[in-house]
There are 2 protein chains.
Amino acid sequence: MGAAAMAYVLWTRHLRFDPKDPSWPARDRFILSAGHGSMLLYSLAHLTGFDLPMEELKRFRQWGSRTPGHPERDLAAGVETTTGPLGQGFSNAIGMAIAAEHIAAIYNEPEFPLFDQRIYAIVSDGDLMEGIASEAASLAGHLSLGRIVFLYDDNHISIDGSTDLAFTEDREARFRAYGWHVQAVGDGNDIEAIDRALTAAGQDPRPSIIAARTIIGYGLPTKQGTEAAHGEPPGEDELRRAKEHLGWAVEPSFLVPDDVRAHFEASGRRGGDLHRAWDGLMARYRKRHPERAGELDRRFRADLPDGFEAAIPTFPADPKGKATRASSGIVLNALAQRMPELFGGSADLTTSNQTQLKGGPDFSKEHREGRYVHFGVREHGMGGILSGLALHGGIVPFGGTFLVFSDFMRPAIRLASIMRLKVVYVFSHDSIGLGEDGPTHQPIEHLAALRAIPHLTVLRPGDANETAQAWAVAVGRPDGPTALVLTRQAVPTLDRSRYASAEGVRRGAYVLADFGDLPDVILMASGSEVEIIVAAGELLAAEGLPVRLVSFPSWELFERQPQTYRDEVLPPSRPHRVAVEAGVQQGWERWIGTEGAFVGLDGFGASAPYKEIYQHRGLTAEHVVEAVHRLLGAKVRE
Amino acid sequence: MGAAAMAYVLWTRHLRFDPKDPSWPARDRFILSAGHGSMLLYSLAHLTGFDLPMEELKRFRQWGSRTPGHPERDLAAGVETTTGPLGQGFSNAIGMAIAAEHIAAIYNEPEFPLFDQRIYAIVSDGDLMEGIASEAASLAGHLSLGRIVFLYDDNHISIDGSTDLAFTEDREARFRAYGWHVQAVGDGNDIEAIDRALTAAGQDPRPSIIAARTIIGYGLPTKQGTEAAHGEPPGEDELRRAKEHLGWAVEPSFLVPDDVRAHFEASGRRGGDLHRAWDGLMARYRKRHPERAGELDRRFRADLPDGFEAAIPTFPADPKGKATRASSGIVLNALAQRMPELFGGSADLTTSNQTQLKGGPDFSKEHREGRYVHFGVREHGMGGILSGLALHGGIVPFGGTFLVFSDFMRPAIRLASIMRLKVVYVFSHDSIGLGEDGPTHQPIEHLAALRAIPHLTVLRPGDANETAQAWAVAVGRPDGPTALVLTRQAVPTLDRSRYASAEGVRRGAYVLADFGDLPDVILMASGSEVEIIVAAGELLAAEGLPVRLVSFPSWELFERQPQTYRDEVLPPSRPHRVAVEAGVQQGWERWIGTEGAFVGLDGFGASAPYKEIYQHRGLTAEHVVEAVHRLLGAKVRE
């Protein structure tokens, strides 16, 4: 209710959108970062003509409704991104602005100003307190993302009470320090003042924030201006008196006077007119620039380019091999040649993650055509921005950091997973294998923690060719984000004439080799530990023991295979199973059974040359062989 | 090398420490937040007389050495906190400053200025980019933590290269906006200028930051001032030429001239003199204020008060019951009466988390004696600050947020776990049971993700009495942090005359009841799902099936029990096992075996009244009974 006036001005006078075609690529974007005010967004979408009938508004926060407690991405209902956890929508918006700048730079022509969209958001005190917003705001200022226009709902109230309790910084000075254009509107209900500020914001080359002093729960006789208006429903009496105070009919409960509806619908229709004009422009563009137009259409359809798989390199067998982060860099660059939509960066670990794109400038204030962003040491901001890039459309984003720092961006990964966005996380330095940097930098529990997130696919390839296949999965899958988990250290490139094709990666787990018929033992591993089971398998085979080697880069992909395939790889007759992974055991029980063995870690790492850590922690072929002997011995004793 | 001059001035002229008794409570604290410069810290500790011999310096980053790649907490070596992940040390320091203010306010007397310590840190560009630092800095300004004195090593270089790539905000203006006292020193090698700035910082009532312009890798002929000095060793030739340039002997490699050692050791000795003077003051204080002195000593020994367990309330049986967050609030307040060291807050969810402490003011600029901090919507900052409170000593910190937002503070939880700090995380709204707020606020994978972290104990109590026991475990355990996972919704308070005592919580899992002899089926659950297995157990017992009910609040505690106890609770004769938890299955296989059943969730939640979500997702007693029937049926078919 406090933000209603600003939202009204924005939606009726500035925001360009077409409720009848809500995915129009050149539309402005609106993000309600303060997602707890979801009903404001639903109301605007309903009134301006989106496909969100009054019936849905009446089913607010009910099972199966399209009006959940916090907005969940639903373009048809005008919801561009799922918000609620504070700071996330804020950073999504920064990502959308980067995408908009880039797409405009690539496809616009002097006669064809196809893309000129602005990214609007309503942000709250809570958004501004969250670190992710600080990170994203600093980067937005650095990149001078003038398309950003944020309305800050400065209501001086958070859940605990007055912002005087915890939030007394000078917000305006802080945003000026980031390089933003900052305006203040003393009365958030002053429609003309908001209008003027929005116009000025749109003309400034910097990202803009308009701090509008508002009153939370405006109009509620006893609750306005207090934290009671934040999370609690106002109650019947309070509502009735608010309606009386505002000169609104008390009954019916859900009332939209005809003139109000007509007024809002006119805004929606104006947007439709803009869209049709744009369609005309686009039709002429298609004639003049048919190839680029085709590429643009394809990108917004999220189709892959024809024959992109031909771009995926293969790597010759090599006992010395290379780090999977290095293979990843090669594959990424090969794909990027064919896929102009690949766009990403790293959180200040470009060389370590091997995410750099060769040729072409970085994305910067001067080079909007660049496809590589230096995110700075801002993992969480990067996570939110990657989601925003994907949400905008036309972009397949990737972003790199160390696997251990996936923790810093976890809330953003979770939301990307809820939304099933196509985002590729490049997590290198994936174990104690990073060595000397020590336990603070060595992920132990991160594979388990990431695997626990629904819709996220975690892929930990075991050599260069598995890495190539992992990238193919990541850019190919349409139904969610992918985490590529990569080594710092070199691993051998397996001889695929001896071992099965790396295409098995696409099924999550596959038989690399059987040493002998009807295996008595199955050794399985992911990533750098595949090398260990290969060595252990050879030792056991030399003992005459029939052994199967299973490369197991992805639980999620394997789970989606038909039972027949899963039984083929891991026969239910239950040979003795040993899993090897440089991480915690949690969840491996599913694959090894309660009778199986796990060779991994049960505590944090250590600072030392990595081969010593592997030795000291028992991650060796010899130790795996011992584990097998113990298993078989136990059987003999049975 | 770039920060050597500032560190030298700080350690020889300002920092008060006693290398012979590094845990002296009234010492100043020094945090190297930019942990990658660990050798600087080791060198200073070695030179000033800490127990860190040259041999350890020579074993830098080697297995078993006390000089790991990033500093790991080791008071004897002058390392106050484990750093490396950027922004963490920064926020730890803020927590230490809060602790120092509070302890001073409680125990100082006009004649006994016992506590006057400052919290110094060296922070880097990367620290300032991380969101956690923004959160902590804003709160530090709000709370006017004048004890904070940070040296900002402003070297204009991060791993990717110049900070011009990603970090061009006006840092000084930003910190002024937070309410900090900001100084700039143009030449970070100007010892007298640094000295003057440190003196001025110490006198200012606001937190201080001194931006000292430095040159990374100062002295390295080709690498200084470039990102090559960040992560790569300089190499022999570069080192030799640097030594020549600085007028230092090239050989031996590790050389400390006698006069240098004497100069640094003198600083350590001056600190020892200060400590002895303080001991004298403390001795007089002990006479004058014996009770308070005793309490102070106890708090710094991290001993619990005698008979604190008597403070733990018990709750009468109540079929209607209450939310475990509500029981938690009652228990917390009961404990806080006996334990003045309990000190904490919430990230703007005070009423939701039920973490408020009754009576007494909040901790604020005006009320340093307050024990409750409004952290604002700053979960990650709160996490780092909680660790800092624990690191300071004399405090047992707690902090609340929703369980879903544990993701925001995960990097801080991880470091607290690595350091085995006694911190209590109060995570309420622990499942789809929070209802209408929807999937963005409903944790699904968070129990699994937290259980994956070594040294962290996760406790999800099933009723009010289990909650009381969980608090007793949390404040009692000396070897790591505890996450209390609590419901939003009411759960029945079990009748402990019918069911076993809730003290079983301390063993992680315990038999609530056996319906019949030699159970054929074991039902196990944590938290709010205990209610479901109790109901299911009664249904099955009515069918005449012998059933055991196991309350399973903590995997970690159960894992630490002797095998005999574990076999008692979950007999290896393997009755059919069913686990019920409103979360993902991952890891439960360990307890139910591959033949068991899991009744839980395999995807995100939904926005609706919570009982409907439980129904729709099959988390009901009826569904558990069906799962048991299926298991038994499968057995019959075998």
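Residues numbered from 1 in each chain as written. Chains lettered and ligands numbered in written order. Predicted model: local features only at pLDDT ≥ 70, side-chain atom pairs only at ≥ 80, totals over all residues. Heavy atoms only, no water.

**A few points about the overall build of chain A**
Scanning chain A for helices and strands turns up 24 helices and 20 strands. A globule of 638 residues ought to have a C-alpha radius of gyration of about 26 Å, and chain A, at 27 Å, matches this closely. Buried positions account for 66% of the 638 residues belonging to chain A. Accessible area for chain A stands at about 21500 Å²; split by element, carbon and sulfur atoms hold 51% of it. Positive and negative charge centroids in chain A, built from 66 and 83 side chains respectively, lie 4 Å apart. (Helix = DSSP H or I, 4+ residues; strand = E, 2+ residues; numbered from the N terminus. Rg over C-alpha atoms; globule rule 2.2 N^0.38 Å. Buried < 20%, exposed > 50% of the residue type's maximum accessible area, 1.4 Å probe, protein only. Areas by Shrake-Rupley, 256 points an atom, 1.4 Å probe, with all protein chains shown as cover. Lys, Arg positive; Asp, Glu negative; His and termini not counted. Charge placed at Lys NZ, Arg CZ, Asp CG, Glu CD.)

**Examining the relation of the copies chain A and chain B**
With an RMSD of 0.0 Å, the operation that places chain A on chain B is a rotation of 180 degrees combined with a shift of 0.0 Å along the axis. In the structure described here, the two chain copies are related by an operation that fits a two-fold rotation axis. Residue Gly131(A) of chain A places its C-alpha closer to the rotation axis than any other residue of that unit, at 1.8 Å. Here 100% of the contact residues of chain A are again contact residues in chain B; the copies associate through an equivalent surface. (Least-squares fit on C-alpha atoms with pLDDT ≥ 70 in both. Contact = heavy atoms within 4.5 Å.)

**Here's the deal with the interface of chain A and chain B**
Interfaces are often sized by the accessible area lost when the parts come together. With 96 residues of chain A at the interface, the matching set in chain B holds 97 residues. Contact between chain A and chain B buries roughly 7600 Å² in total, counting both sides, with carbon and sulfur atoms accounting for 58%. The largest share of the area that chain A buries against chain B comes from Trp63(A), Arg414(A) and Phe604(A), three residues that together contribute 11% of it. In this structure, the connection of chain A to chain B is made through six salt bridges. Of the charged contacts, one joins Glu445(B) and Arg414(A) as a salt bridge, the two residues approaching to 2.7 Å between their closest N and O atoms. For the interface between chain A and chain B, the tally reads 44 residue pairs in polar contact (both at pLDDT 80 or more). For the side of chain A that touches chain B, the class distribution of residues is 37 nonpolar, 33 polar and 26 charged. (Buried area = accessible area lost by both parts, 1.4 Å probe. Salt bridge = Lys/Arg side-chain N within 4 Å of Asp/Glu carboxyl O. Polar contact = N/O pair within 3.5 Å; in protein donor to acceptor, adjacent residues only side chain to side chain. Nonpolar A, V, L, I, M, F, W, Y, C, P; charged D, E, K, R; others polar.)

**Quick word on the packing of helix α4 (residues 88–107) of chain A against helix α15 (residues 379–392) of chain A**
Residue and element names in this part refer to chain A. Running from amino to carboxyl end, α4 crosses α15 at an angle of 55 degrees, the nearest separation of the two axes being 6 Å. Taken together, the axis directions place α4 and α15 in an arrangement best described as oblique. Considering only the axes of α4 and α15, their crossing is right-handed. Within the contact between the two elements, α4 uses Gln88, Ser91, Asn92, Ile94, Gly95, Met96, Ile98, Ala99, Ala100 and Ile103 and α15 uses His380, Gly381, Gly384, Ile385, Ser387, Gly388, Leu389, Leu391 and His392. (Axes fitted to C-alpha atoms, helices over the stretch in contact; angles between N-to-C directions. Parallel < 35°, antiparallel > 145°, perpendicular 65-115°, else oblique. Left-handed = near helix turned anticlockwise from the far one by under 90°.)

**Topic: the packing of aromatic side chains**
In this structure the tally under the stated criterion is 60 aromatic pairs over all chains. Between Tyr610(A) and Tyr614(A), the ring centres sit 6.3 Å apart and the planes meet at 85 degrees, which makes this aromatic pair edge-to-face. A residue pair is termed a helical-turn pair when its members lie 3 or 4 positions apart in one helix, as Tyr610(A) and Tyr614(A) do in helix α23 (residues 610–616) at four residues. Considering the side-chain rings of Trp555(B) and Trp591(B), the 6.3 Å spacing of their centres and the 65 degrees angle between planes classify their relative orientation as edge-to-face. In this pair, Trp555(B) is assigned in helix α20 (residues 555–559) and Trp591(B) in helix α22 (residues 589–592), connecting sequence segments 36 residues apart. When sorted by exposure, Trp555(B) lands in the same class as Trp591(B), which is buried. Taken together, the ring pairs connect Phe552(A), Trp555(A), Phe558(A), Tyr565(A), Trp588(A), Trp591(A) and Phe598(A) into an aromatic cluster. (Phe/Tyr/Trp six-rings, centres within 6.5 Å; stacked < 30°, edge-to-face > 60°.)

**Considering the pattern of salt bridges**
Residues and elements named next belong to chain B. Under the defined criterion, the tally for this structure stands at 74 salt bridges over all chains. A salt bridge links Arg16 to Asp28, with the shortest nitrogen-to-oxygen separation between them at 2.9 Å. Of this pair, Arg16 sits in the loop between α1 (4–14) and β1 (29–32) while Asp28 sits in the loop between α1 and β1, placing them twelve residues apart in sequence. On the basis of relative accessibility, which here comes to 25%, the residue Arg16 falls in the partly exposed class. Accessibility expressed as a relative area gives 2% for Asp28, which makes it buried.

**Structural notes on unusual backbone geometry**
With an omega of -5 degrees, the peptide bond between Glu251(A) and Pro252(A) qualifies as cis. Despite not being glycine, Leu518(B) has its phi angle at roughly 40 degrees, a positive value. Within the element layout of this structure, Leu518(B) appears in the loop between β16 (510–515) and β17 (521–525).

**Some remarks on the side chain of Ser607(A)**
If you trace the backbone, Ser607(A) turns up in the loop between β20 (597–599) and α23. Looking at Ser607(A), the relative accessible area reads 6%, which means it is buried. Engagement of the side chain of Ser607(A) in a polar contact is seen with the backbone oxygen of Glu436(A), the distance being 2.6 Å. A polar contact of 2.9 Å, which involves the side chain of Ser607(A), links it to the backbone nitrogen of Gly69(B). In this structure Ser607(A) touches Gly435(A), Glu436(A), Gly438(A), Pro439(A), Arg61(B), Gln62(B), Trp63(B), Pro68(B), Gly69(B) and Glu72(B), once residues within four positions along its chain are discounted.

**A look at the sheet that holds β17(B)**
Residue and element names in this part refer to chain B. As summarised here, the arrangement of the five strands in space is β16-β18-β17-β19-β20, forming an open sheet in which the pairing is mixed. The sheet terminates laterally at β16 and β20 (597–599), the two strands that pair on one side only. Along the sheet, successive strands turn relative to each other by an average axial angle of 20 degrees, direction set aside. Relative to strand β18 (residues 547–551), β17 runs parallel, the two sharing five bridges. (Pairing = 2+ DSSP bridges.)

**Description of the sheet that holds strand β12 (residues 424–428) of chain B**
All names here are of chain B. Here we have six strands laid out as an open sheet, ordered β10-β9-β11-β12-β14-β13, and parallel in their pairing. With one partner strand each, in any of the chains shown, β10 (372–374) and β13 (457–459) form the two edges of the open sheet. The mean angle between the axes of side-by-side strands here comes to 20 degrees, regardless of whether they run parallel or antiparallel. Along the sheet face, helix α13 (residues 324–338) touches β9 (342–346), β11 (396–402) and β12 and points at about 145 degrees away from the line of β9.

**Considering the environment of Glu265(B)**
All names here are of chain B. Position of Glu265 relative to the elements: it lies in helix α11 (residues 258–288). Judged by its relative accessible area of 29%, Glu265 is partly exposed. In the structure, Glu265 is positioned 218 residues away from Leu47 in sequence and 6.3 Å away in space, judged by C-alpha atoms. Not counting residues within four places of it along the chain, the set of residues in contact with Glu265 comprises Leu47 and Thr48.

**Topic: helix α10 (residues 236–245) of chain B**
Residues and elements named next belong to chain B. Listed as buried for α10 are Glu238, Ala242 and Lys243. One side of α10 holds all its buried residues, which, seen down the axis, span an arc of 135 degrees. Gly247, located one to two residues past α10, shows a positive phi value of around 75 degrees. (Arc of directions from axis to C-beta.)

**Remarks on the pairing of β11(B)**
Residue and element names in this part refer to chain B. For β11, the buried fraction is high: seven of the seven residues fall into the buried class. As paired elements, β9 and β11 share five bridges and run parallel to each other. Bridge pairing links Gly345 to Gly399 in β11. Here five bridges tie β11 to β12, and the two strands are oriented parallel to one another. Bridge pairing in β12 places Gly400 opposite Val426. With helix α16 (residues 410–419) bridging β11 and its parallel neighbour β12, the resulting β-α-β unit is right-handed. (Right-handed = clockwise from strand over helix to strand, strands pointing away.)

**With respect to the confidence of the model for chain A**
For chain A, mean pLDDT is 96; residues scoring 70 or higher make up 99% of the total. Across the assembled chains, the prediction reports ipTM 0.97 with pTM 0.98. (pLDDT = per-residue confidence, 0-100.)

**A look at the environment of Ala177(A)**
Within the secondary structure, Ala177(A) sits in helix α7 (residues 171–177). Judged by its relative accessible area of 5%, Ala177(A) falls in the buried class. Sequence separation between Ala177(A) and Ser138(A) is 39 residues; the distance between their C-alpha atoms is 8.5 Å. Excluding its chain neighbours within four sequence positions, the residues that come into contact with Ala177(A) are Glu169(B), Asp170(B), Ala173(B) and Arg174(B).

**Topic: the side chain of Arg496(B)**
Its place among the elements puts Arg496(B) in the loop between β15 (490–493) and β16. Sequence-distant contacts of Arg496(B), that is, excluding residues within four places in its chain, are made with Asp463(B), Asn465(B), Glu466(B), Ser501(B), Ala502(B), Tyr510(B) and Leu512(B).

**Some remarks on the packing of helix α4 (residues 88–107) of chain B against helix α6 (residues 131–142) of chain B**
Residue and element names in this part refer to chain B. The interhelical angle for the contact between α4 and α6, taken along N-to-C directions, is 20 degrees, at an axis separation of 8 Å. Judged by the angle between their axes, α4 and α6 are roughly parallel. α4 and α6 meet at a crossing whose hand is left-handed. Across the interface between the two elements, Gln88, Phe90, Ser91 and Ile94 of α4 pack against Ile132, Ala133, Ala136, Ala137 and Ala140 of α6. Residue classes in the contact of α4 with α6 are distributed as seven nonpolar, two polar and no charged.

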